[in-house]
Amino acid sequence: LEVEAQTSIQQRDATRIGTAPEVEKFDLVFADPPYGKQFGERAATSLAQNGWFASGGLLVLEEQKLKLPTQIEGFDLRDRREMGTTAIGLFQFVAE
């Protein structure tokens, strides 16, 4: 895709991410936490509360089909796709 210059990969405990660094906020976040432990919701909340998301930013969350949340505070569920026992939710950040 040739987007390396615009990409930042963060390998951290997103459920306790801390304050965002003084860089541009993220437009797109991919999360594939261990299934069934609500880590995705906790990570989304932590990222949102600590200023990591740009307004309208997207969270792509992979989770076990029966455990993918339908609501996360500060986000709107825009799409949901299922593949076998896995589901992917596309959540848009709406809170400021």
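Being a predicted model, the structure only gives us computed values, none of them experimental. (Residues numbered from 1 in each chain as written. Predicted model: local features only at pLDDT ≥ 70, side-chain atom pairs only at ≥ 80, totals over all residues. Heavy atoms only, no water.)

Engineer: Account for the nonpolar core, with residues named and values stated.
Structural biologist: If you look at the biggest cluster of nonpolar residues, it comprises 18 residues, and the most contacted ones within it are Phe53, Leu59, Leu61, Ile72, Phe75 and Phe91. Apart from residues no more than four positions distant in its own chain, Leu61 is found in contact with Ala31, Pro33, Gly40, Leu68, Pro69, Ile72, Ala87, Ile88, Gly89 and Phe91. (Core = buried A, V, L, I, M, F, W, Y, C linked by side-chain atoms within 4.5 Å. Buried < 20%, exposed > 50% of the residue type's maximum accessible area, 1.4 Å probe, protein only. Contact = heavy atoms within 4.5 Å.)

Engineer: Now, about unusual backbone geometry: what can you tell me, with residues and values included?
Structural biologist: Unusually for a residue other than glycine, Gln38 sits at a positive phi of about 60°. Among the secondary structure elements, Gln38 is positioned in the loop between strand E1 (26–31) and helix H1 (39–49). (Helix = DSSP H or I, 4+ residues; strand = E, 2+ residues; numbered from the N terminus.)

Engineer: Could you give an account of the packing of aromatic side chains, with specific residues and numbers?
Structural biologist: Across all of its chains, the model carries 4 aromatic pairs by this definition. Plain terms: the ring middles of Phe26 and Trp52 are 5.7 Å apart, the flat faces sit at 25° to each other, and that makes the pair stacked. Note that Phe26 is positioned in strand E1 and Trp52 in the loop between H1 and strand E2 (53–64), a separation of 26 residues in sequence. Each member of the pair Phe26 and Trp52 is classed as buried. When the centroid spacing of 5.2 Å and the interplanar angle of 80° are considered together, the rings of Phe53 and Phe75 count as edge-to-face. You can see Phe53 sitting in strand E2 and its partner Phe75 sitting in strand E3 (residues 75–83), a full 22 residues away along the chain. Its relative accessible area of 6% is what places Phe75 among the buried residues. An aromatic cluster of at least three residues, connected via ring pairs, comprises Phe53, Phe75 and Phe93. (Phe/Tyr/Trp six-rings, centres within 6.5 Å; stacked < 30°, edge-to-face > 60°.)

Engineer: Give me the environment of Thr85: which residues, what numbers.
Structural biologist: Looking at where Thr85 falls in the secondary structure, it is placed in the loop between E3 and strand E4 (86–93). The exposed category is assigned to Thr85, whose relative accessible area is 61%. The spatial distance from the C-alpha of Thr85 to the C-alpha of Leu68 is 11 Å, given a sequence separation of 17 residues. For Thr85, the residues in contact, after removing those within four places along its chain, are Glu63, Gln64 and Lys65.

Engineer: With reference to specific residues and values, describe the sheet that holds E3.
Structural biologist: Taken in spatial order, the 4 strands line up as E1-E2-E4-E3 in an open sheet, and their pairing is mixed. The open sheet terminates on both sides in strands that have one partner only, identified here as E1 and E3. Sheet twist, expressed as the average angle between the axes of neighbouring strands with direction ignored, equals 15°. Against the sheet, H1 contacts E1, E2, E3 and E4, and its axis sits at roughly 165° relative to E2. (Pairing = 2+ DSSP bridges. Axes fitted to C-alpha atoms, helices over the stretch in contact; angles between N-to-C directions.)

Engineer: For the pairing of E3, give the residues involved together with the corresponding values.
Structural biologist: As defined by bridge partners, E3 adjoins E4 across 8 bridges and the pair is classed as antiparallel. Within E4, the position partnered with Asp79 by the bridge is Leu90. The hairpin turn running from E3 into E4, its antiparallel successor, is 2 residues long, and Gly84 in that turn takes a positive phi close to 65°.

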